[in-house]
Amino acid sequence: MPTFEIGDRDFLLDGRPHQVISGALHYFRVHPDQWADRIHKARLMGLNTIETYVAWNFHAPERGRFDLDGRRDLGRFLDLVAAEGMHAIVRPGPYICAEWDGGGLPGWLLADPEVGVRRHEPRYLAAIEQYYDQLLPLVAERQISRGGPVVAVQIENEYGAYGDDQEYLRALIAMTRARGIDVPLLSCDQADDEMQTRGSIPELHRTATFGSRSTERLALLRRHQPTGPLMCMEFWNGWFDSWGLHHHVAPSEANAQDLDDLLAAGGSVNLYMFHGGTNFGMTNGANDKGTYLPITTSYDYDAPLAEHGAVTPKWHAMREVISRYAPVPDELPAEAGPAPELTVDLDRRLPFAAAVGALGEARSWDHLPTTDELGHWSGFTLYRTQVTADDLVLTLDEVRDRAVVALDGEPVGVLSRTEHSRTLALPGRAGELTLLVEDQGRVNYGPRIGEPKGLIGPARTATRELTAWETVALRLDEVEPALAALLADAPAADPASPVAGPAFLRGTFDTVAGADHFLRLDGWGKGLVWVNGFPLGRHWSAGPTATMYVPGPVLRAEGNVIVVLELHGAASARVEMVAGPDLGSSEV
C-alpha cells in the first residue's frame, strides 16, 4: 500500500522525497457537476494535489442534521481527485475562516453563550466529536494508507491568530486519531513569529501562510520547524473581495516569481486559491476589524482558474514555473465557446409583503429578539412592531447587519452596520413599523466570531422602549414551492416599467443547455437571485462585481425560470445575459 510520511527534510511518498504542489479547490463553492473539470485543469497546470476545507455548517445547517449528499458529497469529490491520479489534503477545521459564513462554525452551536469558541470547553468539544463522528470516517477510508488520495489532514486553522490553548489542540488531535486518521497532521499559521509560536504544538507539523517574500518566510518557518519539509499551506496568489471595495488583483509576474523562489528552495506549496468559485446562496462570511465588511458572491480570488473555470494568464505563468520542478502534462484545457447573450423580461411581480406568509411563520415576543433566539442562522428576518405619532425616532444598540425600514409599507430608510448607522428618523404618525433585516454573513475572522445576529436591543424611540415585537424567519435558501406558485400566478407586469421594492420578480427564458452564463443586473439595487431554484447568491449595486456567474449545469434548453428578490428598486424589470464576467474595478 502507498505511504506518505514526514521525513527529516522532505515529505516521503513511498519512502522517496516528494514535493507537494497543491491547489485549493473548495467543493462547496463549485457546482458538483463541474468538480471533475476543475480537478482536471489543476492536473494540467502541473499540480499533484488538491486541498479543500470542509465547512461544518454547510453539512450541518441545523442541530441534529448532517448532510453528505449532492453539493455536500465530499466523498464523491475526493473520489474524483483520486480518479484524476492526484492526492488530497483535507482541512476540516472545525474552524476554517475561508471568508465563509461564520468561518464554518454553525450558528446553532454558538448561540449558547456558555459554549467556548475555539478552546478546550466541554460543550464545544462534545459538538466537535459529533461532527468528526459523521465526517472523518469517509476521510479515513480514503487515506493513502487505504489506497485513497488523502495524504494529510490539518488540525484547526491559523489558530495562532486567535488563541494559544494547547490542550484544545491536543483534544482535536486525539479525536482525529481516534477516528482512524493515520496520515500526517498539520497546523497552519501565518509567517509571523508570534502566531507560529501560539498556533501549534510539537505533535503537529507546522506550515505557514504567505503570498510573497518566499525565501524570507520559509526561513522564519524553519526557525519554528527545525526538521521536516517546509510548506506554504496558503500561497496567496490573489485575494478576496468585499462589497463596496475594489476587485483585488495580484500580478501574475510577481506570483510566478514568488512561486519559483518557493519551489527552488525545496518547499512544498498549496496555491490559495487555485480556483475560487462562488459563494452561492447566502454562504459568504464577513471580516470585522473595526468595520464590518461582508464578502462578495464571487470568490474569483484572481485565481489561476477563474470563477467560471476558464484558464487565465496566471494559470499559464504558474504552469511554466511548475514545469521547472515537476512533470507537467502536454495537454491544454479546451476553451469553452462564448456564453449566450440575451435579454430576459421579468414579467411577474409580487410585493414582498404578499409573499411573507409563504416564507415563514410569525412569532410574538415581549422583547427584541436576536435571530439566534429565533433559531434562524442565516438570511433574512422580518421584524414588526407598532409605533405612535410621538415616537419620531428609532434607535437600536446595533444592527447585524442591514435593515430596510418601512412604515405601513412606505420606505423610511436603511440601517447599516457597515455604515455604523443605528438611528433613523420616523414619520410623525402611528402605524406598523417593519424592519427587513439581512444577515449579510457571519464574521469569519477575529474576536467577533460567534456573535448573535439580527437586531440587538434595546430598541428605543424618542419616548419609550419598544418591547412588543413580531418576527418572521424567512426561508430563502431556495425558492419555496409556495413562493414559486405565488410568482407563477402573479399578474403580468410591463417589464419596461420601474420596479419598487421590496418585491419578488420572475421571468423565463430559453438558451443553450449546459452553457455557462453571466447575469448582469445594471440598474438594480440589492437582493438575491435564483435560476431554476438554484441560489446564485446576492446582487448589490455597491460592487465591485457587476455580473453573477450562472453555472451551466443549472440550465436547460427551454423554460428556465429566474427569480429576483429586489430590496430597493430597479430601472426596469429586465436583466441581461452577457458574454463574460465583469468583476469590477481593480487594484494591485
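Check the entry above for the structure.
Predicted model only: the values in this text are computed from it and were never measured.

How each quantity is defined
- Residues numbered from 1 in each chain as written.
- Predicted model: local features only at pLDDT ≥ 70, side-chain atom pairs only at ≥ 80, totals over all residues.
- Heavy atoms only, no water.
- Pairing = 2+ DSSP bridges.
- Helix = DSSP H or I, 4+ residues; strand = E, 2+ residues; numbered from the N terminus.
- Axes fitted to C-alpha atoms, helices over the stretch in contact; angles between N-to-C directions.
- Buried < 20%, exposed > 50% of the residue type's maximum accessible area, 1.4 Å probe, protein only.
- Lys, Arg positive; Asp, Glu negative; His and termini not counted.
- Salt bridge = Lys/Arg side-chain N within 4 Å of Asp/Glu carboxyl O.
- Polar contact = N/O pair within 3.5 Å; in protein donor to acceptor, adjacent residues only side chain to side chain.
- Contact = heavy atoms within 4.5 Å.
- 1 Å grid on protein atoms, 1.4 Å probe; cavity = no way out; pocket = protein on both sides within 12 Å on 5 of 7 lines; lining within 4 Å.
- Points joined across faces, edges and corners; volume = space filled by probe spheres on them.
- Nonpolar A, V, L, I, M, F, W, Y, C, P; charged D, E, K, R; others polar.
- Arc of directions from axis to C-beta.

A. Structural detail: the sheet that holds strand 14 (residues 292-294). Taking strand neighbours across the sheet as the criterion, the 3 strands line up as 14-13-24 in an open arrangement whose pairing is mixed. Strand pairing shows two members of the sheet lacking a second neighbour, strand 14 and strand 24 (443-445), which therefore form its edges. The average undirected angle you get between the axes of adjacent strands in this sheet is 40 degrees. Sheet topology places strand 13 (residues 286-288) next to strand 24; 2 bridges connect them, and they run parallel. The residue bridging N287 from the neighbouring strand is Y445, located in strand 24.

B. Structural detail: the side chain of R206. Residue position: R206 is located in strand 9 (residues 205-210). One buried charged residue, R206, forms no salt bridge at all, with the nearest opposite charge on D189 at 5.7 Å. A polar contact is formed between the side chain of R206 and the backbone oxygen of H224, at a distance of 3.3 Å. Contact partners of R206, with chain neighbours within four places excluded, come to S187, Q196, T197, S200, I201, L221, H224 and Q225.

C. View of helix 1 (residues 35-44). Within helix 1, the full set of buried residues consists of W35, R38, I39, K41, A42 and L44. On its buried face, helix 1 is in contact with strand 4 (21-25), strand 5 (49-53), helix 3 (74-83), strand 12 (268-275), helix 10 (313-322) and strand 32 (547-550). Of the residues trailing helix 1, G46 is marked for its positive phi of about 110 degrees.

D. The arrangement of the sheet that holds strand 29 (residues 517-520) in detail. Read across the open sheet, the 4 strands follow the order 15-35-29-32; overall the sheet is antiparallel. Edge positions in the sheet fall to strand 15 (342-345) and strand 32, since each of these pairs with one other strand and no more. Taking the axes of each pair of neighbouring strands and ignoring which way they run, one obtains an average angle of 30 degrees across the sheet. Both strand 15 and strand 35 (residues 574-578) contribute to a ladder of 4 bridges, which runs antiparallel. Bridge pairing in strand 35 places T343 opposite E576.

E. Up close: the layout of surface pockets. Looking at the largest pocket, its volume works out to about 1000 Å³. If you go around the largest pocket, you meet 39 residues; those closest to its centre are P61, R65, R72, S378 and D477. Those elements that place two or more of their residues in the lining of the largest pocket are helix 2 (56-59), helix 4 (107-110), strand 26 (469-473) and strand 31 (534-540). Per element, the largest residue contribution to the lining of the largest pocket is 3 residues, and it comes from strand 26. Classifying every residue of the lining of the largest pocket by side-chain character gives 17 nonpolar, 9 polar and 13 charged.

F. Representation of the side chain of H18 in the model. Among the secondary structure elements, H18 is positioned in strand 3 (residues 16-18). Judged by its relative accessible area of 16%, H18 falls in the buried class. The residues touching H18, leaving out its near neighbours within four places in the chain, are F4, F11, L13, N48, H87 and S268.

G. Layout of helix 11 (residues 352-359). Along helix 11, the residues classified as buried are F352, A355, V356, A358 and L359. One side of helix 11 carries all its buried residues, which in axial view fall inside an arc of 170 degrees. With respect to the buried face of helix 11, the exposed residues turned more than 90 degrees away are A353 and G357.

H. Representation of empty space enclosed by the protein in the model. In total, this model carries 6 cavities of 30 Å³ or more according to the counting rule given. The space that makes up the largest cavity amounts to roughly 60 Å³. Around the largest cavity, the lining residues are G102, L105, P106, G107, L110, R442, V443, R448, I449, G450 and E451. A breakdown of the residues in the lining of the largest cavity according to their chemical character gives 5 nonpolar, 3 polar and 3 charged.

I. How the structure looks around the environment of N560. With respect to the helices and strands, N560 occurs in strand 33 (residues 560-566). Sequence separation between N560 and M175 is 385 residues; the distance between their C-alpha atoms is 46 Å. Once residues within four sequence positions are removed from consideration, N560 is found in contact with G507, T508, F509, D510, T511, N532, V554 and L555. At 2.8 Å, the side chain of N560 forms a polar contact with the side chain of N532.

J. Just the pairing of strand 18 (residues 379-387), in detail. Across the 9 residues that make up strand 18, a large majority, 8, are buried. By the bridge criterion, 9 bridges tie strand 18 to strand 23 (residues 431-439) in an arrangement that is antiparallel. Looking at strand 23, one finds that T381 is bridged to V437. Bridging between strand 18 and strand 26 involves 4 bridges; their strand directions are antiparallel. Note that in strand 26 the partner of Y383 across the bridge is T471.

K. Summary view of the environment of R71. Among the structural elements, R71 can be located in the loop between helix 2 and helix 3. Beyond its immediate chain neighbours, meaning those up to four positions away, R71 contacts Y27, F28, P32, W35, F58, F280, F534 and P535.

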